[in-house]
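Structural features, examined
Residue strings, one per chain:
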Amino acid sequence: MMEEFKIRLGFENGGSLPVIHISGEITSEAEEEIVQSYESIPQDKRSRVILNFSETSYINSAGIATLISLITKSSENQGKIEFAGLNTHFRKVMDIVGLTDFVLIHDSLHSALAQV
């Protein structure tokens, strides 16, 4: 059974830090919403964006391609994407595809928010 994909953009740390909460499955269907969510963040708040994966159940190759394009888009604008809440399996997948070389990975959203 597929878990419904949902995305929610929130601003933490007094509204200064954008966090994109992703739940369900990240597949090709998720790409447009993830990119739109990122692009809806005001330009002056894109220097550090956290993607929260604590409720993500599945990521396929199209989902990984979406994350790569987001990281590329962010770095072209001198921004940084950070991952939080990856489970052990997803963390290993990110290692294998080399994304851990380009993003800071936090064990939890809480630990990501604690870093200034």
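The structure we're discussing is the one just above.
Heads up: these notes are all about the structure in this document. Remember, predicted model here, so these are calculated numbers, not experimental data. (Residues numbered from 1 in each chain as written. Predicted model: local features only at pLDDT ≥ 70, side-chain atom pairs only at ≥ 80, totals over all residues. Heavy atoms only, no water.)

On to the environment of V19, then. Tracing the backbone shows V19 in strand β2 (residues 17-26). Separated by 16 residues in the primary sequence, V19 and V35 place their C-alpha atoms 13 Å from one another. Once you skip the residues sitting within four places of it in the chain, V19 turns out to touch R8, L9, G10, E12, I50, N52, L109 and L113. (Helix = DSSP H or I, 4+ residues; strand = E, 2+ residues; numbered from the N terminus. Contact = heavy atoms within 4.5 Å.)

Okay, the packing of aromatic side chains next. Think of a pair of aromatic rings as described by two things: how far the centres are apart, and how the planes are tilted against each other in angle. Applying the stated criterion across every chain yields a total of one aromatic pair. Relative to F83, the ring of F53 lies with its centre 4.9 Å away and its plane at 75 degrees, an arrangement referred to as edge-to-face. Taken together, the residues F53 in strand β3 (residues 48-59) and F83 in strand β4 (residues 80-84) connect sequence positions 30 residues apart. The same class applies to F53 and to F83, which are both buried. (Phe/Tyr/Trp six-rings, centres within 6.5 Å; stacked < 30°, edge-to-face > 60°. Buried < 20%, exposed > 50% of the residue type's maximum accessible area, 1.4 Å probe, protein only.)

A separate point is unusual backbone geometry. Its identity as a non-glycine residue notwithstanding, N13 has a phi of 50 degrees, on the positive side. Among the structural elements, N13 can be located in the loop between β1 (6-12) and β2. Residue classification places N13 among the partly exposed positions, given a relative accessible area of 40%.

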